[in-house]
Amino acid sequence: MTSPIKIDIWSDIACPWCYIGKRHLESGIAALGDAAPAVEIEYHSYELSPDTPVDYAGSTVDFLAHRKGMPVEQVEQMLERVTGIAAQAGLSYDFDAVVHTKTLKAHELLHFAKEHGLQLELSERLFRAYFTEGRHVGRIDELVELAVEVGLDADAAREALESGRYGSDVQADIAQAGAYGIQGVPFFVFDGKYGVSGAQPAEVFSQVLTQVAGEREAAA
């Protein structure tokens, strides 16, 4: 195969299914073993709740109950279910610690990281910071700390965030999602032609990759 299979992923740092979907994709690739094709993964921005304030005072239960108009008990059951599914994927979610915030700056930082070849590392770090560690990923100081942890320069990261120069890249990603008809995340696009919606099981990702690799081979 001449070039890696491109996997474009629309996701949001504040989306629990996006982190689970990331793990399922990784497991799907790993399950193919030596037969796994080379892949190139790129993350694209999607804001699930663009109207969330940077400093939201309430809990996850408050946030979802208000936003979705659901009874508190139902929200608690939903979070328990998601936590269980995350655990099966090897992830430790702590919804009691989650700090809800606007994710725009986190998306800007992901574009900055992409320019420096560290987008995948930062994506993983941001998900863990948000869902497991209760970090505030809406604040520039916190984001700069996380950027440094994956090997990015602190001053350059801060300048990128304070200038807002990646804001147009974030909006371009969101516009592209609209053009594709994406209404929820995670959303995976394989080789620009196959879309997979949601945190599908690992075997679904294995099947899609096998199919795309087979089609490429046949065309060659």
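So, a few notes on the structure that sits alongside this text. (Residues numbered from 1 in each chain as written. Predicted model: local features only at pLDDT ≥ 70, side-chain atom pairs only at ≥ 80, totals over all residues. Heavy atoms only, no water.)

Of the two faces of strand β3 (residues 187-190), the one holding F187 and V189 and the one holding F188 and F190 are both buried throughout. In this sheet, β3 lies alongside strand β1 (residues 5-11) in antiparallel orientation, the contact comprising four bridges. Looking at the pairing, I7 lines up with F190 of β3. In terms of strand pairing, β3 meets strand β4 (residues 194-197) through four bridges, oriented antiparallel. Across the sheet, F190 pairs through a bridge with Y194, a residue of β4. The turn joining β3 and β4, which pair antiparallel and follow one another in sequence, is formed by three residues; a positive phi near 55 degrees is taken by D191. (Buried < 20%, exposed > 50% of the residue type's maximum accessible area, 1.4 Å probe, protein only. Helix = DSSP H or I, 4+ residues; strand = E, 2+ residues; numbered from the N terminus. Pairing = 2+ DSSP bridges.)

What follows deals with the pattern of salt bridges. Per the counting criterion, the structure on display carries 22 salt bridges. Of the charged contacts, one joins E42 and K6 as a salt bridge, the two residues approaching to 2.9 Å between their closest N and O atoms. In this pair, E42 sits in strand β2 (residues 39-45) while K6 sits in strand β1, placing the two residues 36 residues apart along the sequence. On the basis of relative accessibility, which here comes to 15%, the residue E42 falls in the buried class. Measuring nitrogen to oxygen at the nearest pair gives 3.1 Å for the salt bridge that ties K102 to E47. Highlighted residues: K102 in the loop between α3 (72-88) and α4 (104-115) and E47 in the loop between β2 and α2 (60-68), separated in sequence by 55 residues. As far as the burial class goes, K102 and E47 line up, both buried. Each member of the salt-bridge network shares a partner with another, and the members are R125, R128, E133, R135, E142, E145 and E149. (Salt bridge = Lys/Arg side-chain N within 4 Å of Asp/Glu carboxyl O.)

All right, on to the packing of aromatic side chains then. Scanning all chains against the criterion turns up 12 aromatic pairs. Ring centres of Y93 and F95 lie 5.6 Å apart, and the angle between their planes is 90 degrees; on these two criteria the pair is classed as edge-to-face. Look at Y93 and you get buried, because its relative accessible area is 7%. One aromatic cluster is present, built from ring pairs that chain together Y19, Y93, F95, F127, Y130 and F131. (Phe/Tyr/Trp six-rings, centres within 6.5 Å; stacked < 30°, edge-to-face > 60°.)

Honestly, it's all geometry; don't read function into it.
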